[in-house]
Each structure stands twice: as C-alpha cells, then as structure tokens.
Amino acid sequence: MKKTLLKVTALTLAMCLAMAVHTHAQTINIGNLPVYNKETLRAKSDWLVTGDAQKSAIYKTPEGHMVLSNGLVSRTFTLNPNGATIGLDNLITNEALVRAVSPEAVIWVNGNEINVGGLTGQPIGNYLLPEWIPGMKADPYSLKLVSYTSSPIKERFEWNRRTEWSSQLLPWPPKGKEVAFTYKADESVIRNFKNLKAQDSQREVLLKDDFIKLSPQWNIVSSHALANAFNNEAKAGELLVPANAVVYGEQALPQQTKVIICKLNSGTDESGGYGPGIALQFAGDKSSKFHLSPANKRFRIFHDGQSQDFEGFDTGKSYFLKILLGSGKMICSVSEDGKTYKVLSELPVASTPTHIRLGKTDPRGGKTKSTGPDGNVGRSKIEQLWILGENKGSDSDFDFLSSLNVKVHYELYDGLPMISKWVSVENKGKAEFIVNNIKSEHLAVTEAESAVEHKQRWEMPPIFAESDFAFGSMSPNAAQNACVEWKVDSTYTTQVNYLLQTPSLLVCMPKTGMGQELAGGASFESMRLWELVYDSYDRERRGLSERKMYRTIAPWVTENPVIMHVSSAKDQPVKAAIDQCAEVGFEMVIMTFGSGFNLEDTSPENLQRMKELKDYAKSKGVAIGGYSLLASRAIDKENDVVMPPGKKPAFGNSPCLESVWGKDYFKKLYNFYEKTGQDLLEHDGSYPGDICASPDHPGHRGLEDSRWKQFREIQEFYRWCRSKGIYLNIPDWYFLNGSNKIAMGYRETNWSLPRELQEIIERQNIYDGTWEKTPSMGWMFVPLVQYHGGGAAATIEPLKEHLPHYEQRLANLFGAGVQACYRGPQLYDAPETKILVKKWVDFYKKHRTILDSDIVHLRRSDGRDYDAILHVDPLGKEKGLLMVYNPLNQAIVREIDVDLYYTGLQMQASISENDGPAKKIALNGSKMTLKLSIPAKSQKWFLITP
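Since the structure is predicted, the reported quantities are computational estimates derived from the model, not experimental observations. (Residues numbered from 1 in each chain as written. Predicted model: local features only at pLDDT ≥ 70, side-chain atom pairs only at ≥ 80, totals over all residues. Heavy atoms only, no water.)

Notes on the pattern of salt bridges
With the rule as written, the count across this model stands at 54 salt bridges. Note that Arg633 is salt-bridged to Glu600, the shortest N-O span being 2.7 Å. On the criterion of sequence distance, the pair formed by Arg633 in the loop between strand S43 (623–629) and helix H7 (660–676) and Glu600 in the loop between strand S42 (588–591) and helix H6 (604–619) is long-range, its members being 33 residues apart. In this structure, Lys663 and Glu658 form a salt bridge, with 3.1 Å as the shortest nitrogen-oxygen distance. One network of salt bridges, in which partners are shared, links Glu517, Arg701, Glu704, Asp705 and Lys709. (Salt bridge = Lys/Arg side-chain N within 4 Å of Asp/Glu carboxyl O. Helix = DSSP H or I, 4+ residues; strand = E, 2+ residues; numbered from the N terminus.)

Some remarks on the sheet that holds strand S45 (residues 727–729)
Ordered in space as S45-S44-S43-S42-S41-S48-S47-S46, the 8 strands form an open sheet in which the pairing is parallel. Either end of the sheet is taken by a strand with one partner, and the two such strands are S45 and strand S46 (742–743). Of the pairings in the sheet, the one linking strand S41 (residues 563–566) to S42 comprises 4 bridges and is parallel in character. Residue pairing in the sheet places Ile563 in a bridge with Met588 of S42. (Pairing = 2+ DSSP bridges.)

Regarding H6
With 16 residues, H6 extends 23 Å from end C-alpha to end C-alpha; this agrees with the ideal 22 Å at 1.5 Å per step. Asn606, Leu607, Met610, Leu613, Lys614 and Ala617 are the residues of H6 that are buried. The buried residues of H6 occupy an angular sector of 125° when projected down its axis, which confines them to one face. Exposed side of H6, more than 90 degrees from the buried face: Pro604, Glu605 and Ser619 are the residues found there. Where H6 is buried, its residues meet helix H5 (571–584), S42, S43 and H7. Immediately beyond the C-terminal end of H6, within one or two residues, lies Gly621, with a positive phi of roughly 75°. (Expected span 1.5 Å × (residues − 1). Buried < 20%, exposed > 50% of the residue type's maximum accessible area, 1.4 Å probe, protein only. Arc of directions from axis to C-beta. Contact = heavy atoms within 4.5 Å.)

What to know about the sheet that holds strand S56 (residues 938–945)
Pairing within the open sheet is antiparallel, and its 6 strands lie in the order S49-S50-S51-S56-S53-S54. The sheet is open, and its two borders are formed by strand S49 (854–859) and strand S54 (918–922), each paired with just one other strand. Pairwise comparison of adjacent strand axes, ignoring direction, gives a mean angle of 25° for this sheet. Examined bridge by bridge, S49 and strand S50 (residues 867–872) share 5 bridges and lie antiparallel to one another. Pairing of Arg859 across the sheet is with Ala868, part of S50. (Axes fitted to C-alpha atoms, helices over the stretch in contact; angles between N-to-C directions.)

A word on the packing of helix H9 (residues 755–769) against helix H10 (residues 803–816)
Closest axis-to-axis distance for the H9/H10 pair is 10 Å, and the angle between their directions is 5°. The orientation of H9 relative to H10 falls into the category roughly parallel. On H10, the residues that touch Arg755, Gln758, Glu759, Glu762, Arg763 and Ile766 of H9 are His805, Gln808, Arg809, Asn812, Leu813 and Ala816. Looking at side-chain class alone, the contact of H9 with H10 contains 3 nonpolar, 4 polar and 5 charged residues. (Parallel < 35°, antiparallel > 145°, perpendicular 65-115°, else oblique. Nonpolar A, V, L, I, M, F, W, Y, C, P; charged D, E, K, R; others polar.)

Points about the packing of H6 against H7
Between H6 and H7, whose axes approach to 8 Å, the crossing angle comes to 50°. In terms of axis orientation, H6 runs oblique to H7. When the axes of H6 and H7 are compared, the crossing they make is right-handed. Along its contact with H6, which presents Leu607, Met610, Lys611 and Lys614, the element H7 presents Asn671, Phe672, Lys675 and Thr676. Considering only residue class, the contact of H6 with H7 consists of 3 nonpolar, 2 polar and 3 charged. (Left-handed = near helix turned anticlockwise from the far one by under 90°.)

Here's the deal with the state of the cysteines
By definition, a disulfide is the covalent link that joins the sulfur atoms of two cysteine residues. All told, the structure shown has 0 disulfides when counted by the stated rule. Between Cys581, a cysteine without a disulfide, and Cys821, which holds the nearest cysteine sulfur, the sulfur-to-sulfur distance is 13 Å. (Disulfide = S-S within 2.5 Å.)

A look at a nonpolar patch on the surface
The grouping of Val452, Val496 and Tyr498 at the surface amounts to a nonpolar patch, some 250 Å² of accessible area in total. Summarising the element assignment, Val452 is placed in the loop between strand S34 (441–445) and strand S35 (463–467). (Patch = residues over 30% accessible without salt bridge, like charges linked within 9 Å, V, L, I, M, F, W, Y side chains within 5 Å. Areas by Shrake-Rupley, 256 points an atom, 1.4 Å probe, with all protein chains shown as cover.)

Some thoughts on the side chain of His409
Here His409 is to be found in strand S31 (residues 404–413). Its relative accessible area of 1% is what places His409 among the buried residues.

As for the environment of Ser853
Its location among the elements puts Ser853 in the loop between helix H12 (848–851) and S49. Judged by relative accessible area, Ser853 falls into the buried class, the value being 5%. In the structure, Ser853 is positioned 23 residues away from Gly876 in sequence and 9.5 Å away in space, judged by C-alpha atoms.

As for the side chain of Asp705
Note that Asp705 resides in the loop between strand S44 (680–684) and helix H8 (706–724). When near neighbours in sequence (up to four residues on either side) are disregarded, Asp705 contacts Met514, Gly515, Glu517 and His700.

Section: H5
In this model, H5 (14 residues) spans 20 Å end to end at C-alpha, consistent with the 20 Å of a helix rising 1.5 Å per residue. Residues Val574, Ala577, Ile578, Gln580, Cys581 and Val584 constitute the buried set of H5. Each buried residue of H5 lies within a common arc of 165° when the element is viewed along its axis, so the set occupies one face. Those residues of H5 hidden inside the fold are in contact with S41, S42, H6, S43 and helix H11 (831–846). Downstream of H5 by one or two residues, Gly585 has phi in the positive range, about 100°.

What to know about the packing of aromatic side chains
Each aromatic ring pair is specified by the distance between its two centres and by the angle formed by the two planes. Here the structure, examined in full by the defined rule, presents 54 aromatic pairs. Relative to Tyr534, the ring of Phe464 lies with its centre 6.3 Å away and its plane at 40°, an arrangement referred to as tilted. Residue Phe464 is found in strand S35, and its partner Tyr534 is found in the loop between strand S40 (529–533) and helix H4 (539–553); the two are separated by 70 residues along the sequence. For the pair formed by Phe464 and Tyr534, the shared burial category is buried. (Phe/Tyr/Trp six-rings, centres within 6.5 Å; stacked < 30°, edge-to-face > 60°.)

Focus on the pairing of S40
Counting buried positions over the 5 residues of S40 gives 5, a clear majority of the element. Judged by which residues are buried, S40 turns out to be covered on both faces: Leu529, Glu531 and Val533 on one side and Trp530 and Leu532 on the other are all buried. Pairing of strand S32 (residues 418–427) with S40, which is carried by 4 bridges, proceeds in the antiparallel orientation. Opposite Met418, over in S40, you have Leu532 as the bridge partner.

Examining the nonpolar core
Counting residues in each nonpolar core, the largest one holds 205 residues, and the members touching the most others are Phe181, Leu401, Leu404, Phe586, Phe814, Tyr822 and Leu827. Here the element with the most residues in this core is H8; it accounts for 7 residues. One finds Trp218, Val349, Leu358 and Leu385 within the second-largest nonpolar core, a separate group that totals 37 residues. (Core = buried A, V, L, I, M, F, W, Y, C linked by side-chain atoms within 4.5 Å.)

Re the confidence of the model for the protein chain
A low pLDDT score tells you not to read the predicted coordinates there in detail. Counting all residues, the mean pLDDT for the protein chain is 92, and 95% of those residues have values of 70 or more. Here residues 1–26 is a poorly scored stretch, pLDDT under 50, and it has 142 contacts once near neighbours within four places are set aside; other chains count. (pLDDT = per-residue confidence, 0-100.)

A short note on the pairing of strand S10 (residues 112–116)
Across the 5 residues that make up S10, a large majority, 5, are buried. Burial of the side chains of S10 extends over both faces: Asn112, Ile114 and Val116 are buried on one face and Glu113 and Asn115 on the other. Note that strand S9 (residues 105–109) and S10 share 5 bridges and pair antiparallel. The residue of S10 that forms the bridge with Ile107 is Ile114. Linkage of S9 to S10, two consecutive antiparallel strands, is achieved through a turn of 2 residues, within which Asn110 is found at a positive phi near 50°. One ladder, built from 2 bridges, connects S10 with strand S13 (residues 142–152); its direction is parallel.

And the structure:
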C-alpha cells in the first residue's frame, strides 16, 4: 500500500475589492441594502435579443442573506455565522442550481488544506431548503468572514483597442458589479488547527478505503446463509444481514498503526451487541469492539470482558468512530463531521492489535453465531476507513494562519446570466509561506440526470464554466484541460448512482498545483472562473450565449482585420504585398512561417529593417508583423522541459519558459516590439501546459510551480501586447488573456486537396467552428501558392487563371465574416483579379457590422444541395444577412423557411438581394418563407432590415 501524507482539512479563501468596506465583530450588517424581490427583478424580455436586462446590484433578503442579481441570474450568500453560497438561481427558467453548501474556496498553504467559509449540518445533499440555514453551523476549522466590499467591475488588464478593425465598440471593463469577501482565521480557528495538528493532521495514511469498489485486501467472513458483506448488489461496504448475525471484512493492521477512523451508518440494522463497527484483534485471541448499537440507540465499547454504553447516537446519521492507540492505552471517540471528536473512553491495552475486523461481529468482536433468534434483516453501510501512522507535524506549522488574508471575489455582468469568481491571497506577516494550490470554486450543483449504473457519457449541469488558466486546445475545453472539472461528490451519499459517480460538483483548481511563494506583505491572485448559466438545451442558443460571453469579457475578439500572409520577409516582396493590400483594402500583412522572418534576431540591422517596414506599412494604412514559433521545438538539454517519467511534452519537444533560454526569448519579444513598433504577432506553438521537473531553471523551483509560473510568463506577455494594441494570432485558447484570434478549426493537409474539394470543406469548417466562436474569433486558410503539397491542382496561382474558384473562396470567407490566411506573394496578378478581390473586400467593409455578428446555422454544406448561414444583430441597423450557396453544376430554385427570431424582427421585415432594392415582406411571427434562385456554382446574399 502506497503511503501518502494526510493534510489538514478546513475551510479557507475569500473575496476582495471595492468601495464602502463593511466589517463586523460577530455579525455583518447589510441593513442598508435594498430588499430583494425576485419576481420584480426578473427580466421580462429575451436578453439575447433586447439587451435590456436589469442592471447588476446587491440586495438583502428578509432573512438577512445577501443576493447578487441582475434579473437573469442570482447568487445568494449567508454571512452569519460564516460566509457561504446558499443559492445560485437561473431566474430565466426559475431553476435552483445549488443543492448543498460547500466551502467558498479551499487553499493549500505549506502543505496544509484550509477551507474558506461554508457551513456544516445540512441533512442531505440532494437539495437545500432555506429553513435549514439557521440551524447550520460554521465549520470550526474554516476561515471566518470578517468583511465585504463592493464596486463596479474593474478591467483585468489594459486594452489599447484598434477601432479600425472592429465595428463593435464594446465597453471595457464590462458593466456590472463586483463583491469581495474577506476571510481570516480568528483565535478559535488557529487553536482548533493546532489541536488537530496534535492529533491527525500530519499522520501518514497507511490505508484509505472509500468503499466505492470492494478491495481484494478484505477477507470476508460470514456466519449466516443470508449474509452479504461489503458488496451487496455490487455496493461495496453495504451489509445485508439479520440483526444477530456475523458478517465482516478482516485484514492485518500495519505495524505503524496509531489511529483507526471508520465512518459508518447503521441504516435499518436492528442489532444490539452485533451492531456494525470496528473490532480489533490482539495476540492470544483477544478482541475489543467499538460499534453502533441501533437496538439500544447507543455507542458501545467492549473491552477486557466488559461493555460500556454511551448516549448520543441517532440511527438516522452517519458517525466517525475513532480509535487512537497510545502507549499502553486505547482512546475511543466519536464525531459527526470527522473533525470535532468527543472522547467516550480511555482503555488500557497490553499489546498492539494485529488485525482489524470491519462490519458486524459478535458482541466481543468475534465470529460466534448467535444462539438466539436471527432478528430482522437490516441494511447498514461502511462508508470510509482510514488507518493512520505517526504524527510528523507540530503546532508551529500553523503559525502562518495569523498572517493569512484571503479574499473571494465575485463579478456579475449586466445583461448576461454569468458570474465570475476568483481568490486573492495576502501574507500580512513577515515570514514567507507557499501557496501550494487554490480551489477557487467547489460548487455542489443539482445533477443534470440520474443514472443508477455507470455511464460512459454524462449529461452535465446547465453551466458553461470557463477559466483564464487555459491552454492546450483550440476549443473552449482548454480550461477543462487545466483547472475546470465536473467531479463526483463522494459526500453526496443520497444520490441515485450506487457508485456515487454522478458529476455534480463544479471544481476550479489547477490540476498540477501552483507552488507560489508569498513573501511577507505580498499578495497574488488565482485564475479566474466564469460561470455562464444556460437557459436552454438548444445548441444554437447555448452557442449564442457563449459568444456573447466572449464579446463581454474579451471584447478584443471583435477586432477582425483583413489579413494577407506574405510568403517572403525580404524588403521587396513585403513592400509589394503592402502596396497590393492598400490597393484592395486588406488591412494587415503577416510575414508568415517559412518567410525568413526572425523575431529572435536582435541585431541592430534586423531591428532597423523591421522598423522601416513598419513605417512603410503605416504610410499605406496597413498593419504589419510576423510569425514566431515558441514550443514544438527543442533547444538543448539545459533549457528543454524535464518531464516526469512516463510523460512527454504536448508537441513532442518544448523549451521550458522559465529556463535561461525561455527568459531570454521573452526579453527578445518585448525588445522587438518596443524597438520596431510592429502591430502583430502570430505566435505558433504557444505554451500548451507542459510541466517541468528541473530544479535548475531560474524561473521555477521544481515540478510543483512549473506550470503556474510558465503560464504566468506567457500570460503577462500577451496582456502586455493587448495594452500596446499588438494583434495576436494564437492557435490556442488564450482569448481571456488577450489573444484576438485562433484557427477556426481545420486540418492543414486538406489545403493540399484539389481546389474544388476545398470549397465545400471550407464552408463546413466555418459552419462547425462558429457554433462556439464568433466569425472574428477564427481564421481560415487560402493556399494561393502550394502549402503542404497537392501541386497546381491544389493552389490558385496563377490567380487570373482560376477566377471562378478564387471568387468562391472570397465569397465563402467574406460572406461568413471570417478572415483567412491568404498565403502567397500577391493578392492579384491582373486587373481582373484585382477587381474581383476588391469587390469582395468592399462587400465585407460595407456590411462589416452584420458580417462580424453571430451566425445562426441553417444548413451545413454537403455538396448535395444549397447551404446557408444567417448573420444576426438585433441591436444593429442591419438586423440580418443571409448567405446562401449553391455548390451544384446547375441553377437551383428553392423555397426555404428562415426564423428571424435572433434578428429581433417580428411580423415585418425589409429584404434586399445582392444589395439590390429592398422590399417589405410579411413575417409569420418571426418566420420568413423565401423563394430564391441561385445560378450554378454561385451564391447570393440577402440583407434584412426593419
């Protein structure tokens, strides 16, 4: 059995920030807040269409709880006897999402687990009733709420917006309200921790069994034909047996055993002396038994031929029975929460026990069958077992508690059913301590489904959880790779699933730890979590919600410059590309991969040349920058990541960002942009989350802090870029840290397929990618010259010889509002080519606002019939733009039904075809029937206005 170190558990963390600080001695006064009335505040219109939801504000309930609400979603907190979330309500659907009270946060400091806030004493975890709250208690081992502050939302970092690339002037910071709660350890909490330290907090875990599955280490003993031990109906630890029968599991105790703790529930068992519990076997066939006696409603101890009964046992509850083995004595105690124990008896022992029997033994701890009646069959449950060794700690390990200041922050956004949460930690003392990790969210949520048996794929609760600690993916699940998880809740023992595997616990915590050193007087923040509450299972509506979320908390994603990738970084080709871009309206030139652009060349000559190219591009009204590869390459043994055994870097090779090389690389990046003033960076192989075990890199100590510090390195650089207006193309999910654009989603080798096949695949990629991304968030690719292969059949050069195909690509992309990497030496090679390119650029710029807006998905491209997308902007002048494509070799006439609901139009609309004259049409509510004809291998667009 592998030995691990048991860490102290208690509640910790906090919320921070704002104006008007409120403090308390024993209670927090919120009497000056307005009274909360859910029905009055609930939004009456569709927030995705009208945008006129109730503003974010803080309220109080008649019971004295605090509510943060905007008419779409609310989060309710009890402040006394401690801070805790007691409600997360979807006001649109009138759905309560919180089923149980949890800690507000959990932090690990110097290896000790500390809870922040929270309450204990909830009878079941299925649901939470308001009338239970007054009877619940503060956890004696949790940091205590001492104050709160409130303020408008502040910007996470500076954004120097580039308005020339965006038609959506969104606010930064977002509009809304922040509340921050401060938690500290008072004298009683510190005393409780030190008392706990003297008992179990740093003991070795010699054995831990949660009885999720039956361990083969147990030798099962049964004295009755009906007995079923530890695995009744495949439920490990469940005992189904008559009252006066024997059924138990036995195994040898490790020699180092000092503490035995068993959590169990008597259920429907009606035993007296045969009740479930712990029996210890000593040399010479001697036994001692500490157990529950449901028939007598007592705790019972049998030792040295005598029995003792103790009151306080409730047959409806689970209890922790604890045996402490000291020098010549055995101390038996009991607890309801596993933290605060009541000593029942201290008994002398002459030797060390050799075996443990867990379950129903005879009254003396043996296996003798009762000579009396069997009694009724009952069902009891062994829930958990810990066997612990020596205590290796001291009470001085908790001296840091008096210096620990934790704040738990919440933000609520106007017009969006979304709440953000993060934690900040401050060291108010002089001695440094290490914050090993932070769990900024531990939210017990109502399950989305109930499955008795195991499932391969679960339906998740209706919350989209996103974090800015995200990498290693080109989809929103990047945060789930790093810190966000839907986990099972082993304490939720009344769920339907017998193995307790229902995902009903939303957790946000770095999976590899932080290891952040915190010197006296210093502070730092955790990652941020955003919780978007869905109000529907409809895929389109959920996608629209996510896209609005990104435009709200990362509005730079609306910057959507028209981009050319020039294939050579030499002066003449770059200037020629700049000239062509200026002529046809392209707005950005990227010196692409393989072009010879070298951002790491710090020579004065290179920096001067790059500055001159920047100045030339600026004179033409064009932005310029280039490509750099970070990860996905090896440097050398001293600077590459040192992976733990059995693990490899995400890209096969990677330098450590906190190595000497990594530190120098980022210095070169800062220096390049400061000296040249260039406008953009295409950062390939961005940090994917590789960990590093090297103890020799200057930027991190070892494995524990390697991911956190590497991420902070790149996060700070991207945020710096955002403050300078440097555009960021990054093929990884760094939007919440400043990235502008990511790949829409495609396979690079597909651009080596014959041209005609690329047309359909391109529209499929756009259709699929815009479920979760706005058009401006994803780039596509156009191989003007050969990319991965395919020769002449795959490329468009000579451009003038492939005008129909070139136009189709332009129509696909500009019609979707999606910019592409037009990679080659030129955008046009003849007057007719120039006219064609400019036609579609002009089309995009004329309708830029609506084309950059959300896409409603109508029919995916399959090459068999028309395909279509609908841009919607209910708050714009142009409410909708319908793009319909005909991939067939013959003209088509179709009558299609289009729902204009998300344009905001009802009963009537105006529609124009290909920028022709507008005509009024009647709608059936919000639905439009449109008869259209489209020539072969062509497309049409229809502008929709009021």
